[in-house]
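# Examination of the molecular architecture
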Amino acid sequence: MNVRHTRVVATAVLAAVALTLGACAEDTGTGANAGSGGNGNASGSIKEGLKVTFLPKQVNNPYFETSDNQGGKSAVEEFKGKYAQTGPSEASPSAQVSYINTLSQQGSDVIVISANDKDAVCGALTEAKAAGAKVVTYDSDTKPECRDAFVNQATSEGIAKSQIKLISDAVGPEGGEIAILSATANATNQNAWIEMMKTELAKPEYSKLKLVATVYGDDQDEKSFQEAQGLLSKYPNLKGIISPTTVGVAAAARYLSGSSYKGKVQLTGLGTPNQMREYVKDGTVKAFALWNPADLGYLAAYAGGALASGIITGKEGEKFTAGKLGEYTIGADGEIVLGDPFEFNASNIDQFKF
């Protein structure tokens, strides 16, 4: 089953969008006939044999296993390319640079990267582009000049609105102190979402919510668990935690579910159904959100294939077809938006298996 955020949710809210995290829809065969952008090639078809490599923030992360090895790999196989994934075991600003250099030397046609830092990888990516690679960022962006296109899971505003509404609904009308458990301090996407959350919190309807702290688990399970524990120790009146990272929200849920704070301190964030199912069912978490990581990787692969084939150049207004996901239009600064976040709760979580 496929779960595509608002776009798929609108047409079949639960019929599926490879939720960005979950499941497989049948290929419509449109990917090889992508619509041509202004400078696209004559046939509009993706070249066969393209070497497409995904470089996530860290390998062996469940989120990137889904986005890359399910969604990205599926797309590359559809347009008869050569798929690979490589990257560091820990997320850090400079950890990805050596991998970019290696991919450039190996003659990769497309590098699809989720940047640990918007600046640290730019030099290496610029060199890779000069060597002939097309660069697509996904999940977390670099500066626009360092890549050809950015596949955004959702807008920062959409994610922020979703997260603040979810924690507000969970905490209730009396409000209270809340905190944010993020990934790394340099993660471009996390920082953008947090800034937009602060903007949301300034609205009158959220005047009773008070953000008292932002902490970082570095997308490590144990550290995220300890940071959640530390928040409750330092802020005994805390009413809620937002963790907009799949590693962090699962670790925080595990801590809360086994503590005296279960049911008293509310938790929401961005997670996968498989990670969060038991915590929704035991009452630790009322609701959380996410896009479909598999769809995100799938769309990023098709964007890379279209770029490497001359179908698009990354300019605003160009269109291309991403296989089963349909047609997308490139926005300002080369941004391609997958869709809106999708909410998971006790009434629907068993319909998703990812």
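Here the structure is a predicted model, which means the values were calculated and not measured.

## Some remarks on the pattern of salt bridges
Applying the stated criterion across every chain, the model contains 13 salt bridges. Between Lys203 and Glu200 there is a salt bridge, and its shortest N-O distance comes to 2.6 Å. The salt bridge partner of Asp350 is Lys281, with a shortest N-O separation of 2.9 Å. Of this pair, Asp350 sits in the segment after strand E14 (342-345) while Lys281 sits in helix H9 (residues 273-281), placing them 69 residues apart in sequence. You can call Asp350 partly exposed: its relative accessible area is 37%. Where salt bridges share partners, they join Lys118, Asp119 and Lys143 into one cluster.

## A closer look at the sheet that holds strand E2 (residues 82-85)
One open sheet accounts for six strands, arranged E2-E1-E3-E4-E5-E13; its pairing is parallel. The open sheet terminates on both sides in strands that have one partner only, identified here as E2 and strand E13 (335-337). Going across the sheet, the axis of each strand differs from the next one's by a mean of 20°, ignoring polarity. By the bridge criterion, four bridges tie strand E1 (residues 51-55) to strand E3 (residues 110-113) in an arrangement that is parallel. Bridged to Thr53 within E3 is Ile111. Where helix H2 (residues 62-78) meets the sheet, its contacts fall on E1, E2 and strand E4 (134-138), and the angle it forms with E2 comes to roughly 170°.

## Some thoughts on helix H4 (residues 122-130)
Inspection of H4 places Cys122, Ala124, Leu125 and Ala128 among the buried residues, and these make up the whole buried set. Burial along H4 is one-sided: seen end-on, the buried residues are contained in an arc of 160°. Exposed residues pointing more than 90 degrees away from the buried face of H4 are listed as Glu127 and Ala130. Lining the buried residues of H4 we find helix H3 (97-105), E3 and E4. The positive-phi residue at the C-terminal boundary of H4 is Gly132, with phi of around 115°.

## Focus on the confidence of the model for the protein chain
Confidence in the prediction for the protein chain averages 89 pLDDT; 88% of positions are at 70 or higher. For residues 1-43, every residue scores under 50 in pLDDT, and the model assigns this stretch 149 contacts once sequence neighbours within four places are set aside.

## Overview of the packing of aromatic side chains
Overall, the coordinates contain 16 aromatic pairs when judged by the stated rule. Among the aromatic residues, those joined into a ring-pair cluster are Phe54, Tyr63, Phe64, Tyr83, Tyr138, Trp193 and Trp291. Cation over ring: Lys324 sits above Tyr298, and NZ or CZ is 4.6 Å from the ring centre.

Calculation rules
Residues numbered from 1 in each chain as written. Predicted model: local features only at pLDDT ≥ 70, side-chain atom pairs only at ≥ 80, totals over all residues. Heavy atoms only, no water. Salt bridge = Lys/Arg side-chain N within 4 Å of Asp/Glu carboxyl O. Helix = DSSP H or I, 4+ residues; strand = E, 2+ residues; numbered from the N terminus. Buried < 20%, exposed > 50% of the residue type's maximum accessible area, 1.4 Å probe, protein only. Pairing = 2+ DSSP bridges. Axes fitted to C-alpha atoms, helices over the stretch in contact; angles between N-to-C directions. Contact = heavy atoms within 4.5 Å. Arc of directions from axis to C-beta. pLDDT = per-residue confidence, 0-100. Phe/Tyr/Trp six-rings, centres within 6.5 Å; stacked < 30°, edge-to-face > 60°. Lys NZ or Arg CZ within 6 Å of the ring centre and 35° of its normal.

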